[in-house]
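# Descriptive structure summary
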Amino acid sequence: MILMTTAVTAQAETLTIAALGDSLTQGYGLPAEQGFVPQLQNWLVERGHDVVIINAGVSGDTTAGGLNRVEWTLADGVDGMILALGGNDLLRGIPPEASRSNLDNILKAATAQDIDVMLVGLPAPGNYGPDYKAAFDSMYPELAATYDALHFKDFLAGLSVLPNRATTLRKYMQSDGIHPNAEGVALIVDAMGPTVEQLLDRAAGS
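Applying the stated rule across the entire model yields four aromatic pairs. Plain terms: the ring middles of Tyr 128 and Tyr 132 are 4.7 Å apart, the flat faces sit at 40° to each other, and that makes the pair tilted. On the basis of relative accessible area, Tyr 128 is assigned to the partly exposed category, the value being 33%. By relative accessible area, Tyr 132 is classed as buried at 12%. Taken together, a centroid distance of 6.2 Å and an interplanar angle of 5° make the contact between Tyr 132 and Phe 136 stacked. Taken together, the residues Tyr 132 and Phe 136, both in helix α7 (residues 130-147) and four residues apart, mark about one turn of the helix. The pair formed by Tyr 132 and Phe 136 is uniform in burial state, with each residue classed as buried. Pairwise contacts between aromatic rings join Tyr 128, Tyr 132, Phe 136 and Tyr 140 into one cluster. Taking the ring centre of Trp 43 as reference, the NZ or CZ of Arg 47 above it sits at 3.7 Å.

Moving on, we come to the pairing of strand β1 (residues 15-21). For β1, a buried count of seven out of seven residues is recorded, marking the element as mostly surrounded by other parts of the structure. Side chains Leu 15, Ile 17, Ala 19 and Gly 21 project from β1 onto one buried face, and the interleaved Thr 16, Ala 18 and Leu 20 project onto a second face that is buried too. Pairing analysis gives seven bridges linking β1 to strand β2 (residues 51-57), with the strands arranged parallel. Looking across to β2, one finds that Leu 20 is bridged to Ala 56.

Moving on to helix α3 (residues 36-46). For α3, the set of buried residues is Phe 36, Val 37, Gln 39, Leu 40, Trp 43 and Leu 44. The buried residues of α3 all sit within an arc of 165° when viewed along its axis, so they share a single face. Considering only its buried residues, α3 is in contact with β1, α2 (23-26), β2, β3 (80-84) and α10 (182-205). Just downstream of α3, Gly 48 is the residue with a positive phi angle, here 90°.

The next point concerns the nonpolar core. Counting 32 residues, the largest nonpolar core has Phe 36, Leu 44, Ile 82, Met 118, Val 120, Phe 155 and Met 192 as the members making the most contacts within it. Contributions of two or more residues to this core are made by β1, α3, β2, β3, β4 (116-120), β5 (150-152), α8 (157-160) and α10. Those residues in contact with Met 118 that sit more than four places away from it in its chain are Met 81, Ile 82, Leu 83, Leu 150, Phe 152, Met 192, Thr 195, Val 196 and Leu 199. Grouped together as the second largest cluster of nonpolar side chains are 26 residues, Leu 90, Leu 119, Ala 124 and Tyr 140 included.

Once that is clear, we can look at the pattern of salt bridges. Two side chains that carry opposite charge are able to pair once their charged atoms sit near each other. Per the stated rule, a full pass over the model turns up six salt bridges. Between Arg 47 and Glu 46 there is a salt bridge; the shortest N-O distance is 4.0 Å. As a salt-bridge pair, Asp 104 and Lys 108 come within 3.3 Å of each other at their nearest N and O atoms. With Asp 104 and Lys 108 both in helix α6 (residues 96-112) and four residues apart, this pair spans about one turn of that helix. Given the relative accessible area of 18%, Asp 104 is considered buried. For Lys 108, a relative accessible area of 44% corresponds to the partly exposed category.

Residue placement: Leu 15 occurs in strand β1. Residue class for Leu 15 comes out buried when judged on its relative accessible area of 13%. Remark: the alpha-carbon pair of Leu 15 and Val 78, spanning 63 residues in sequence, is separated by 7.8 Å. Once residues within four sequence positions are removed from consideration, Leu 15 is found in contact with Asp 50, Val 51, Val 52, Asp 79, Leu 200, Ala 203 and Ala 204.

The residue Gln 174 is located in the loop between α9 (165-172) and α10 in this model. Here the side chain of Gln 174 touches Pro 180 through a polar contact of 2.9 Å, landing on its backbone oxygen.

Here we take up the packing of helix α4 (residues 63-73) against α6. Pairs of packed helices are described in terms of their axes, by the angle between the two and the distance that separates them. Between α4 and α6, the shortest axis-to-axis distance is 8 Å and the interhelical angle comes to 15°. Considering their axes alone, α4 and α6 lie roughly parallel with respect to each other. In the packing of α4 onto α6, the handedness of the crossing is left-handed. Mapping the contact onto sequence places Thr 63, Ala 64, Gly 66, Leu 67, Val 70 and Glu 71 in α4 and Ser 99, Asn 102, Leu 103, Asn 105, Ile 106 and Ala 109 in α6. Of the residues that constitute the contact of α4 with α6, the class distribution is six nonpolar, five polar and one charged.

Calculation notes
- Residues numbered from 1 in each chain as written.
- Predicted model: local features only at pLDDT ≥ 70, side-chain atom pairs only at ≥ 80, totals over all residues.
- Heavy atoms only, no water.
- Phe/Tyr/Trp six-rings, centres within 6.5 Å; stacked < 30°, edge-to-face > 60°.
- Buried < 20%, exposed > 50% of the residue type's maximum accessible area, 1.4 Å probe, protein only.
- Helix = DSSP H or I, 4+ residues; strand = E, 2+ residues; numbered from the N terminus.
- Lys NZ or Arg CZ within 6 Å of the ring centre and 35° of its normal.
- Pairing = 2+ DSSP bridges.
- Arc of directions from axis to C-beta.
- Contact = heavy atoms within 4.5 Å.
- Core = buried A, V, L, I, M, F, W, Y, C linked by side-chain atoms within 4.5 Å.
- Salt bridge = Lys/Arg side-chain N within 4 Å of Asp/Glu carboxyl O.
- Polar contact = N/O pair within 3.5 Å; in protein donor to acceptor, adjacent residues only side chain to side chain.
- Axes fitted to C-alpha atoms, helices over the stretch in contact; angles between N-to-C directions.
- Parallel < 35°, antiparallel > 145°, perpendicular 65-115°, else oblique.
- Left-handed = near helix turned anticlockwise from the far one by under 90°.
- Nonpolar A, V, L, I, M, F, W, Y, C, P; charged D, E, K, R; others polar.

See the structure below:
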């Protein structure tokens, strides 16, 4: 009987997931409750998951910044990590090999602590040329494969699949044209949520 009670308690244990990212993760320009992390947590709880999502998003952060703070991000009993960095590397034109190295070392840190990871990409624009784009875009699936991490191709997938770019920018983005508004975040969460559920399954089984 004691063993059965222990098993039930283990199954009911709350999972803690750290979302390590930049302004898209942090919820730039939005009231706290409308940002990516609160909306994602609500989405998951509504589907019956016992989970806490830690907002480890820092506006303006690069992959280098994420690497600098990954150890303390993972320090407090984290069961899994959503790794969503690279957008600011793009804005600064940082060489893809530098971004890849930083992401690689973040994934190494998580692996060393047996923490499951979901790696979220962000496709490069074409203005840096085809070689840059190919190198940047390929690093996400390749690193995910190397570390057996889950891979979600595009943080903004919930918006990029919409048919009319002008309408999307007007209806679902803030005035800067870079960050989603609350309605846009909801679409992003709807698209990404099922893959986060896979992360929860992995973390619960670790």
